[in-house]
Amino acid sequence: TNGTAGHDPAANGAAAAVRDVVIVGGGTAGWMTAAYLTAAFGNRVKITLVESADVGTIGVGEATFSDIRHFFEFLGLAERDWMPACNATYKLAVRFENWREPGHHFYHPFEQLRSVKGFPLTDWWLRYPTSKRFDTDCFVMASLIDANRNPRYLDNRLLEQEFVESDDLPNTIAEYQGAQFPYAYHFEAHLLAKYLTKYATERGVRHVVDNVVDVGLDERGWLSHVTTAEHGRLTGDLFVDCTGFRGLLINKALAEPFVSYQDTLPNDSAVALQVPMDMDKDPLRPCTTATAQDAGWIWTIPLISRIGTGYVYASDYIDAEEAERTLREFVGPAAADASANHIRMRIGRSRRSWVNNCVAIGLSSGFVEPLESTGIFFIHYAIEQLVKYYPAADWDQSLRDQYNGAVMNVMDGVREFLVLHYRGAKRADNQYWRDTKIRTVPDPLAERLEQWESKVPDAGTVYPRYHGLPPYSYNCILLGTGGIDVRPSPALDLIDEKDALAEFQAVRDKARHLVRTLPTQNEYFRRMREGV
Ligand code: FAD
């Protein structure tokens, strides 16, 4: 290597990266991709995004993972910049209601699990259940959410907690694990897409509003162009398919098969409503709520000035009309004027998300039902992987294979995690819930479920490759849903419990202090919106 290697790619075996990108689709996936690539590569890459004015976006998905903060940070956006524009609020957990029995609730919070003498606190709790609730005993967050607290003080300081990353952050998901940032966001997806449209176009992304009516392939079967109704052909090197469930490029033009998850996750439909709420009167709960229903579950997502809600159900068990009726009854009079949005979901993933010169990101790549808010996480993760395995003009096959492996692992891992919710749910009061106990589970999960009966999940027994969900998440769902009996480790019988009991007490003390000092979400967001 010599000093000029950086200027001459060929000198050290590097091939020149491709520079002309066409993104088809302007939903959350399309605009997140455009904005991120612009932030990563600046004007060294030419980006065109084409979206249809006729084909709408999904945009009901509004709850996220805490990793999403790295996305905004990478773009250089502070919360005060984008949150008010997207009606965003904080999310500290998913709250599960009625998965065990009517009236029961538990949280899956953004908080790592403490351990004492090498055993996780959940294991100690099984041996010494200091109260009926594992979540408030083991996690500080659970009590904060019960009390509708905000994770920041009015002067914007973050709550003090163990396992919280420092404010001096790395900026990709991959660089950060082990620690846990204590919150994620709820936001209006279509407002975020609008916000990112401005961000990306101001930085040079060409925005074409038109219908793609045809897709051109060359003699090798690679994409050469897309044809639009009014702007003619758009050519590029790399095409990103963000066309949603249609999979216009990946599944239609390139005929990549779709691998359905429906045999293990039967919910295939949703009906959604936007319900107005009054921030001065209604408490803003700092969590997403998933309330179990007769044939699925209802999400409740508090936003500034409205609540997003919807029933995710299996059409084999109830029809759309009944689902809508159930949802309207659940919401009550506030839903009277809201119009319902019925959605058919494609559950599973494209066999490969990157084929030749086409990368599918978003719903075209894959989707599991929104139970743990993983849709936007899949998008964010995929974009990071695209940058990591970005192609050169020689289209090294290995980069595509590594990308496909990473994306596949994330979705297959999340699938296992979601199946655990249903298999673990104690509820078995009708055919839908009884069937969740006998339906096939993804192969390796069957063995893991047996292991977890004898020992709470740890890094050695959960899905082994990165999929965004640490072992503590599995502990929460297993202990919260309550249908699978989990035994404590026998060794705990022989170890002095003094330190564990002190740790439970420390969790309670910390929670009490934070509940006393933190503001409510309503107070905090009123301030933020007043620009104080
Ligand atoms: P879409 O929003 O469908 O966008 C497709 C784009 O392609 C549109 O711009 C359209 O105009 C364009 N297009 C299509 N055909 C053409 C054509 N021929 N020419 C030009 N343009 C075209 N995710 C979460 O993270 N959290 C959640 O809580 C959550 N909840 C969800 C609830 C439900 C019921 C569903 C279905 C999804 C949920 N998701 C959630 C997932 C999330 O909504 C999606 O991942 C996200 O919105 C990305 O969608 P998308 O951009 O891939 O597709």
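Residues numbered from 1 in each chain as written. Predicted model: local features only at pLDDT ≥ 70, side-chain atom pairs only at ≥ 80, totals over all residues. Heavy atoms only, no water.

Attention now goes to a negative patch on the surface. Taken together, the side chains of E447, E450, E453 and D485 make up a negatively charged region of the molecular surface. Locating E447 in the fold gives a position in helix α13 (residues 443-454). On the basis of relative accessibility, which here comes to 52%, the residue E447 falls in the exposed class. (Patch = residues over 30% accessible without salt bridge, like charges linked within 9 Å, V, L, I, M, F, W, Y side chains within 5 Å. Areas by Shrake-Rupley, 256 points an atom, 1.4 Å probe, with all protein chains shown as cover. Salt bridge = Lys/Arg side-chain N within 4 Å of Asp/Glu carboxyl O. Lys, Arg positive; Asp, Glu negative; His and termini not counted. Charge placed at Lys NZ, Arg CZ, Asp CG, Glu CD. Helix = DSSP H or I, 4+ residues; strand = E, 2+ residues; numbered from the N terminus. Buried < 20%, exposed > 50% of the residue type's maximum accessible area, 1.4 Å probe, protein only.)

The next subject is the pattern of salt bridges. The full count for this structure, using the stated rule, is 32 salt bridges. Taking the shortest distance from any N to any O, the salt bridge between D135 and R133 comes out at 3.0 Å. The class of R133 is partly exposed, set by a relative accessible area of 23%. D278 serves as the salt-bridge partner of K281, at 3.4 Å between the closest nitrogen and oxygen. Residue classification places D278 among the partly exposed positions, given a relative accessible area of 30%. Salt bridges linked by common partners bring R95, E97, R133, D135, D146 and R285 together as one network.

Attention now moves to the sheet that holds strand β16 (residues 288-293). With respect to topology, seven strands assemble into an open sheet ordered β5-β4-β16-β17-β18-β15-β19, the strand pairing being mixed. The outermost strands of the open sheet, each flanked by one partner alone, are β5 (105-109) and β19 (341-344). Taking the axes of each pair of neighbouring strands and ignoring which way they run, one obtains an average angle of 20° across the sheet. With four bridges joining them, strand β15 (residues 269-276) and β19 adopt antiparallel strand pairing. Counterpart to S269 in the pairing with β19 is R344. (Pairing = 2+ DSSP bridges. Axes fitted to C-alpha atoms, helices over the stretch in contact; angles between N-to-C directions.)

On to the site of the ligand. Lining the immediate surroundings of the ligand are 32 residues, of which G26, V55, I58, A63 and I376 lie closest. Between the ligand and S52 there is a distance of 3.1 Å, counted from a nitrogen atom to a backbone nitrogen or oxygen. Here an oxygen atom of the ligand sits 3.3 Å away from a polar atom, N or O, in the main chain of G375. Contact with the protein chains removes 97% of the 1,000 Å² of surface that the ligand exposes when unbound. For the shell around the ligand, the secondary-structure elements that each account for two or more residues are α1 (28-41) and α10 (375-388). (Near = heavy atom within 4 Å. Polar contact = N/O pair within 3.5 Å; in protein donor to acceptor, adjacent residues only side chain to side chain.)

Turning next to the nonpolar core. Within the largest apolar cluster, 160 residues are counted, with the highest numbers of intra-cluster contacts made by W99 and I361. Apart from the residues lying within four places of it in its own chain, the contact partners of I361 are A29, T33, V240, D241, C242, I379, A382, I383, L386 and Y403. Counting residues in each nonpolar core, the second largest holds 16 residues, with V22, V212, V215 and L249 among its members. (Core = buried A, V, L, I, M, F, W, Y, C linked by side-chain atoms within 4.5 Å. Contact = heavy atoms within 4.5 Å.)

Within the secondary structure, R415 is located in helix α11 (residues 397-424). Using a relative accessible area of 13% as the deciding quantity, one classes R415 as buried. Not counting residues up to four positions away in its chain, the partners in contact with R415 are S260, Y261, D263, T264, L265 and P442.

Spatial strand order, β14-β20-β23: three strands in an open sheet with antiparallel pairing. At either margin of the open sheet sits one strand with a lone partner, and together these are β14 (258-260) and β23 (366-367). Here three bridges tie β14 to strand β20 (residues 348-350), and the two strands are oriented antiparallel to one another. Within β20, the position partnered with S260 by the bridge is G348. Strand contacts of α11: β14, β20 and β23, with the helix running at about 170° to β20, the strand carrying the most contacts.

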